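Next come the chains, spelled out residue by residue.
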Number of protein chains: 2
Amino acid sequence: MTGLRQAQKERTRQALLDAALRLLEHQSLSTLGIREVTREVGMAPAAFYRHFGDIEELGVALVEQSFESLRFAFDDLGVAQADSDLLMRQAVDVLAGHVRRHAAHFRFLARERYGGLAVVRRAIHEQLRWFADRLSGELAARPGMERWDPGDVRMLAELIVNHLISAATAILEAEQDPPSEQRAVYTAYLQLRLISVGRSHWTDQPQSDRSL
Amino acid sequence: MTGLRQAQKERTRQALLDAALRLLEHQSLSTLGIREVTREVGMAPAAFYRHFGDIEELGVALVEQSFESLRFAFDDLGVAQADSDLLMRQAVDVLAGHVRRHAAHFRFLARERYGGLAVVRRAIHEQLRWFADRLSGELAARPGMERWDPGDVRMLAELIVNHLISAATAILEAEQDPPSEQRAVYTAYLQLRLISVGRSHWTDQPQSDRSL
DNA sequence: TGTACATCAGTGAACGCGCGTTCACTGATGTAC
DNA sequence: TGTACATCAGTGAACGCGCGTTCACTGATGTAC
């Protein structure tokens, strides 16, 4: 019976990733040590090299795991949903729930998005572009968007993704304090709604002065 | 004649800050070493302690210097400007110019905003709140905003500040490639305009379905 | 099923290295008279 | 203006420490027959 050894190896690898994520709650990847991670798991430092070449490699694996569940979460959104207000509430709620359940993953991504390790930064960037691409496609297919310039659709998709990132970090910062967390969620919803209002009145040319 | 010694000390302190900023181009503050900074300046490691207690303290000083010029830059914006489209163009241009001239400062702030050092994170957060407060006040005073709920004004101000941060980092990432940098600036302008359109059609209650 | 050999995840000791921090010092600048 | 003493920014040597990485190893798992 083969695979027993392989299964054990996989479990150890996951233990290393989990330990790293735990340690990354209060520090960034570039200060995380090989000895530190193996100590947290309870194994010899040299064993680390059976799973990763260095800490950067572990970091990239952690990026992938962090995004994995997020991708599925947004599949549940009824994007075909006709009512836009309900959809936005749901989007913000899905995000908030995910931030709560996977706080450590989000904290890691926020920290490393502009962190010191270029490879990890690039991996995160790539995943975010994937989200913007997908959202772009879904927006373009919605009624009322047929005549939009593709560049403008992309612009809108990026605005929304950036907003969701800001919202996620705001919710993260309010952690351990339910009332201010609820406030962050509600603000995020209002802001998404304001973007949607802008979208529904969008014109290619600057509007005549409405005095902002 | 007193002050000669003090002036020299100030110059050394600034040299340490400049050297740190240079080194932070490709790493984060938490991996920056005292020996590394003093080596870059060309002085003995022990001299560091005449100016800062530790690297964190240097980091906080760097946050202050990074925001200092930015505060002045936005004073130049003719906020009393009646035409909103021109104002938005100007805001994005001021930001883009500043990002270009002070790229290292922005990179540092982006990296440390969610970085590993809590004290530095808090210092940045504080400065950003100051910007949101100020923008909130200026928005509330504009024509057409008199009847807005103060909470909604604050919500809008935070949305704009977050958008400007996203825009700044997008411009930063496009550095060294003028065409994609110009694209980033233009996208930032369109997005700000979309937010403004949303603002001018904002209502307290969810709009009836317009199908996003 | 049993045996003999191969694989390989994890061990534990060892290494050289650069780190942060301390300390007594030096010599230019500042002050009192 | 000149002299004697005080201050203090910067020096250079020394320290103990934890780091990443290497290496020969062990023993459980896997494979061939």
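As shown above, the structure is provided for reference.
Residues numbered from 1 in each chain as written. Chains lettered and ligands numbered in written order. Predicted model: local features only at pLDDT ≥ 70, side-chain atom pairs only at ≥ 80, totals over all residues. Heavy atoms only, no water.

> In this structure, what is going on with the relation of the copies chain A and chain B? I would like to understand it.
Turning one copy of the chain about an axis and sliding it along that axis gives the other copy, so a rotation and a shift relate them. Expressed as a screw transformation, the operator carrying chain A onto chain B has a rotation angle of 180 degrees and an axial translation of 0.0 Å, and the superposed copies differ by an RMSD of 0.0 Å. One copy is carried onto the other by what is essentially a two-fold rotation axis. Considering only C-alpha atoms, the residue of chain A closest to the rotation axis is A:Gly198, which sits at 1.7 Å. With an isologous cut-off of 70% or more, the 100% of interface residues of chain A that recur at the interface of chain B puts this contact in the isologous class. (Least-squares fit on C-alpha atoms with pLDDT ≥ 70 in both. Contact = heavy atoms within 4.5 Å.)

> I keep staring at the packing of helix 8 (residues 178–200) of chain A against helix 8 (residues 178–200) of chain B and nothing clicks. Help me out?
For any two helices packed against each other, one specifies the inter-axial angle together with the distance between the axes. Their axes nearest at 7 Å, the elements helix 8 of chain A and helix 8 of chain B cross at an angle of 95 degrees. With respect to helix 8 of chain B, the element helix 8 of chain A is oriented roughly perpendicular. Here A:Leu194, A:Ile195, A:Val197, A:Gly198 and A:Arg199 of helix 8 of chain A lie close against helix 8 of chain B, whose contacting residues are B:Leu194, B:Ile195, B:Val197, B:Gly198 and B:Arg199. A class-by-class count of the residues in the contact of helix 8 of chain A with helix 8 of chain B yields six nonpolar, two polar and two charged. (Axes fitted to C-alpha atoms, helices over the stretch in contact; angles between N-to-C directions. Helix = DSSP H or I, 4+ residues; strand = E, 2+ residues; numbered from the N terminus. Parallel < 35°, antiparallel > 145°, perpendicular 65-115°, else oblique. Nonpolar A, V, L, I, M, F, W, Y, C, P; charged D, E, K, R; others polar.)

> I tried to follow helix 1 (residues 4–23) of chain B on my own but got confused; where do I start?
Because each turn of an α-helix spans 3.6 residues, side chains separated by three or four positions in sequence point in the same direction. Residue and element names in this part refer to chain B. Between the first and last C-alpha of helix 1 there are 29 Å, a value that for 20 residues agrees with the 28 Å anticipated at 1.5 Å per step. What helix 1 keeps buried is the set Thr 12, Leu 16, Leu 17, Ala 19, Ala 20, Leu 21 and Leu 23. Looking at the packing, one finds that the buried side of helix 1 touches helix 2 (34–41), helix 3 (55–75) and helix 5 (103–112). (Expected span 1.5 Å × (residues − 1). Buried < 20%, exposed > 50% of the residue type's maximum accessible area, 1.4 Å probe, protein only.)

> Explain the protein's contact with DNA strand D here, please?
Around DNA strand D, a shell composed of 22 residues is seen, among which A:Arg35, A:Tyr49, B:Arg5, B:Thr12 and B:His51 lie nearest. When the atoms of DNA strand D within 4 Å of the protein are grouped by moiety, sugar and phosphate amount to 49% of the total. Contacts to DNA strand D include A:Gly3, whose backbone N or O atom sits 3.2 Å from a phosphate oxygen. Within the contact set of DNA strand D, a base oxygen lies 2.4 Å away from a side-chain nitrogen or oxygen of B:Arg5. Elements with a contribution of two residues or more to the surface near DNA strand D: helix 1 (4–23) and helix 2 (34–41) of chain A together with helix 1 of chain B. With four residues, helix 1 of chain B is the largest single contributor of residues to the surface near DNA strand D. Residues that form the surface near DNA strand D fall into these classes: nine nonpolar, six polar and seven charged. (Near = heavy atom within 4 Å. Polar contact = N/O pair within 3.5 Å; in protein donor to acceptor, adjacent residues only side chain to side chain.)

> Which parts of the structure should I look at to understand the interface of chain A and chain B?
Quite often, the size of an interface is put as the accessible area lost when its parts meet. Contact with chain A, which involves 54 residues of that partner, is made by 56 residues of chain B. In total, chain A and chain B occlude about 4800 Å² of area from one another, counting both sides; carbon and sulfur atoms represent 59% of this. Across the contact surface, chain A and chain B share zero salt bridges. In this assembly, chain A and chain B are joined by ten residue pairs in polar contact (both at pLDDT 80 or more). For the side of chain A that touches chain B, the secondary structure elements donating two or more residues are helix 4 (84–101), helix 5 (103–112), helix 6 (118–140), helix 7 (150–173) and helix 8 of chain A. Here the element with the most residues in the side of chain A that touches chain B is helix 8 of chain A; it accounts for twelve residues. Of the residues contributing to the side of chain A that touches chain B, the split by class is 18 nonpolar, 23 polar and 13 charged. (Buried area = accessible area lost by both parts, 1.4 Å probe. Salt bridge = Lys/Arg side-chain N within 4 Å of Asp/Glu carboxyl O.)

> Would you explain the protein's contact with DNA strand C in this entry?
Inspection of the region around DNA strand C gives 22 residues, with A:Arg5, A:Thr12, A:His51, B:Arg35 and B:Tyr49 positioned closest. The share of sugar and phosphate among atoms of DNA strand C within 4 Å of the protein is 50%. Between DNA strand C and A:His51 there is a distance of 2.6 Å, counted from a phosphate oxygen to a side-chain nitrogen or oxygen. Of all the secondary structure elements, the ones that give two or more residues to the surface near DNA strand C are helix 1 of chain A together with helix 1 and helix 2 of chain B. No other element matches the four residues that helix 1 of chain A contributes to the surface near DNA strand C. Broken down by class, the residue content of the surface near DNA strand C amounts to nine nonpolar, six polar and seven charged.

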